[in-house]
Amino acid sequence: MSITVEVTYDMSKALGVRSFAVDGVRTVQDVVRMTRDRFGPERGDAFETLTRVAAVSVNGVLINHRDGLRTALADGDTVTFLKAAAGG
Amino acid sequence: MIKGYAGRILEVDLASRTFAFRPLDEDIARLYIGGKGYATRLLYDMTRPRIDPLGPDNPLLFATGPLNGSVAPQSNRFAVVCKSPLTGGIGNAACGGSFAYGMKRGGIDILILTHQSPKPVRLDIDGDRGTVACIDADDLWGKGTYATQAALDAKKYHAVIGPAGENLVRYAGIVSDERIAGRTGVGAVMGSKRLKAISVNGSRKLDMDDPEKFKEYTKWLRELFRDHPVLGSSLKRFGTAGIVNTTNARNIIPTHNFKYGHFKDAMSLSGEYMEEHELVGVKSSCIHCPVTCGRDVMVEGVGRVKGPEYETIGLMGSNLEIPDLKKVAEWSYLADDLGMDTISLGSVLAFTMELQERGMLYAGLHFGDAAGVSDVIKDIAHRRGLGSDLAEGVKRMSEKYGGQEFAIHVKGLELSAYDPRGSFAQGVEYATTNRGGCHIQGASMYLESTGPLTINPQNLKLKAELPIVQQNLACAINSMVLCMFTTYGIIPKAVHNLNPNSIVHRLLTTAFENSGPLFRTVMSIKGRPLLWFEKWLTYITGETFSSGHLQEIGARIFNLERMYNLREGFTGKDDTLPPRILHESTFKHMSSGHPLDQLLPRYYQKRGWDADGVPTRRTLERLRVKV
């Protein structure tokens, strides 16, 4: 099962990537863990810091409106880490 | 006279070149505040049904409110009201810049322009002397809005039109400094009067009921705003374009004429990208506003200009699938200089591209391709060739060329850059807002999709109630006249600082979306002023304003607008969304589009309207709406 992970601007700059694919995950928690493993050692606390202020969506829907980190994923889903609020 | 008002209405007859000052009606001011509310009352009373919006019988009203002329943050805006040549219903638009300040300095609350001049003219108003000069403007006719303003007296404050207004483009706007009263074609009405520019000044100061309290409170509030995550940080750093990545991640940024809600290259259009690659300063903000959401960028061959706003980026960037911020900035500048609304313009371009894609029209425009766009924008403003059809707006184009199923408008007004399939309350707001599909007449999306504390945007909870409260509040805000961004300050810094994935955050949003009747009840309490705009109004006017007062006044204005539209032939059937929005899905878990049919009856009932969407006599009497 392949999941696309997207990160928005500040995270993208810090992590050096806009999007990437992860395989073998079942929930958003798995994606967070795998992403942390992927970037943690190389980029210090950047991912930890960013995920404390970034909201997470699955296919455009915030996980807080679904099952939080336990939100189940299906093949082809997109998980996005986004800035929680902006004025526009 | 109630404090905060200049106490004067100026009426200018452009056919006879005569003018008269008359006193502001205090009773109307108490019922409608000023700005959009007061002007809508005048429009309703001054006009008979079914007038030609581009004919001599359509008056054009510029209206300030009691907060204009003060140093309250975000308070120098004016409203323009008339019958819309784009929708055929109520037309209005609000604008920042500095013209409102000039009007109040000139001692004018409302400026009414009637009939039409036989040839191009401009008005020069000296508020202190009480004189109005009607000056031939052949030398300015044809000039862009920037060149026009540069040619006028630098000591005065101006509102001008560009070639789009002159050529009656149905979504032409009126420009003050680098801001535009863009929506519903108010610039075309000014053009129909052959009025190129209005200049005004004077030396009057705002007379307040309690200037000391106002000063002390405003000083404190400026500090609060400076420290606010949106007003003092996000908007200050990224402008409104700071929202691009959020709407993209939430699948509501218009893409490919609203076929999709996600654009793969949106990051290249974001405020963050603009800050890093294009930003050269922040001069282009409204007078006395500490938020400074304007972004200055460089446009090749022009120089330093106001950068594109979120709406412009959404409609002319992602919606056309063109991830080129330089190009969008160039088109934004062109549209401002020619005097056109970029929301309608972007939607017209996207609709044209889809017609082309389907082989229904040859316009030489293609999604993802910037070639030809600049020329078409100029052709629209000058109504050259096919540009003349595009100048009519999406609704009329779809009637001529077909494609009504993907014509993205409500009541003839093109939708803003928030796809309601991921923001259900915003969809109800689009469907029911009297001027048509616009976000700034309520901005429910801020509490659904873009703010720090968003309810689930895709269930039915609160989706009928929230638009009502927001529309009422927006009517009041647009009558003071304040910037809607002031409401972003209501959510305090502490909430912004919550982890958005935390249980506390989840509990708060769940409680909010389940608050239904309680929410409306709390908002309707008439007590003491709590929020800043309630306090400002109270300190300035000497009358008491609380949330309940503003909800009642806002509902009165909203219902009067509704009655105007009904008088002009609109019915409940016009409270709808584009077929694409209702029937096509943009979310993986949805099989259809926006569930408007499940929400509209509840909305009508909560509004006190009958099943056909007509306000009941009881509702009108309760709100004291005379029709």
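Parameters at a glance
- The written sequence of each chain sets the order in which its residues are numbered from 1.
- Going through the entries in the order they are written, you letter the chains from A and number the ligands from 1.
- Confidence filtering applies because this is a predicted model: local features only for residues at pLDDT of at least 70, side-chain atom pairs given and counted only at 80 or more, and all residues used for totals across whole chains, interfaces and linings.
- Hydrogens and waters are ignored; side-chain quantities use all the structure's heavy atoms.
- Two residues form a contact once any of their heavy atoms are found within 4.5 Å.
- As used here, buried area is the combined drop in accessible area, with a 1.4 Å probe, of two parts when they are placed together.
- When a carboxyl oxygen of Asp or Glu lies within 4 Å of a side-chain nitrogen of Lys or Arg, that pair is called a salt bridge.
- By the convention used here, strands pair only if DSSP detects at least 2 bridges between them.
- Put simply, DSSP marks the helices as runs of H or I at least four residues long and the strands as runs of E at least two long, and each gets a number from the N terminus on.
- With axes taken as lines fitted to C-alpha atoms, and helix axes fitted only over the stretch in contact, angles between N-to-C directions fall between 0 and 180 degrees.
- Remark: exposure states derive from per-residue accessible area (1.4 Å probe, protein chains only) relative to the maximum for the residue type, with buried under 20%, exposed over 50%, and partly exposed in between.

S.K.: For this particular structure, what's the right way to read the interface of chain B and chain A?
M.R.: Reports often express the size of an interface as the amount of accessible area lost when the parts come together. If you look at the interface, chain B gives 44 residues, while chain A gives 37 residues. Roughly 3000 Å² of surface becomes buried between chain B and chain A when both sides are summed, with 49% attributable to carbon and sulfur atoms. At the junction of chain B and chain A, the tally comes to two salt bridges. Put simply, A:K13 and B:E276 hold a salt bridge, and the shortest N to O gap is 2.5 Å.

S.K.: How do you make sense of the sheet that holds strand β3 (residues 54-58) of chain A when you look at a structure like this?
M.R.: The strands making up a sheet associate through backbone hydrogen bonding, with each pair oriented either parallel or antiparallel. Residue and element names in this part refer to chain A. What the five strands build is an open sheet, ordered β2-β1-β5-β3-β4; its pairing is mixed. The open sheet has two edge strands with one neighbour each: β2 (19-23) and β4 (61-62). When strand β1 (residues 2-7) meets β2, the two strands line up antiparallel, connected through five bridges. Directly across from I3, in β2, lies its bridge partner V22. Here helix α2 (residues 28-39) sits on the sheet in contact with β1, β2, β3 and β5 (78-83), set at roughly 115 degrees to β2.

S.K.: Would you explain the pairing of β3(A) in this entry?
M.R.: Looking along a regular strand, one sees the side chains alternate between the two faces of the sheet. Residues and elements named next belong to chain A. β3 sits mainly inside the fold: five of its five residues count as buried. Residue alternation in β3 divides its side chains into two sets, A54, V56 and V58 and A55 and S57, and both sets are buried. Note: β3 against β5, five bridges, orientation antiparallel. Bridging across to β5, A54 finds its partner in K83. The pairing of β3 with β4 spans two bridges and is antiparallel. Bridging across to β4, S57 finds its partner in L62. Linkage of β3 to β4, two consecutive antiparallel strands, is achieved through a turn of two residues, within which N59 is found at a positive phi near 50 degrees.

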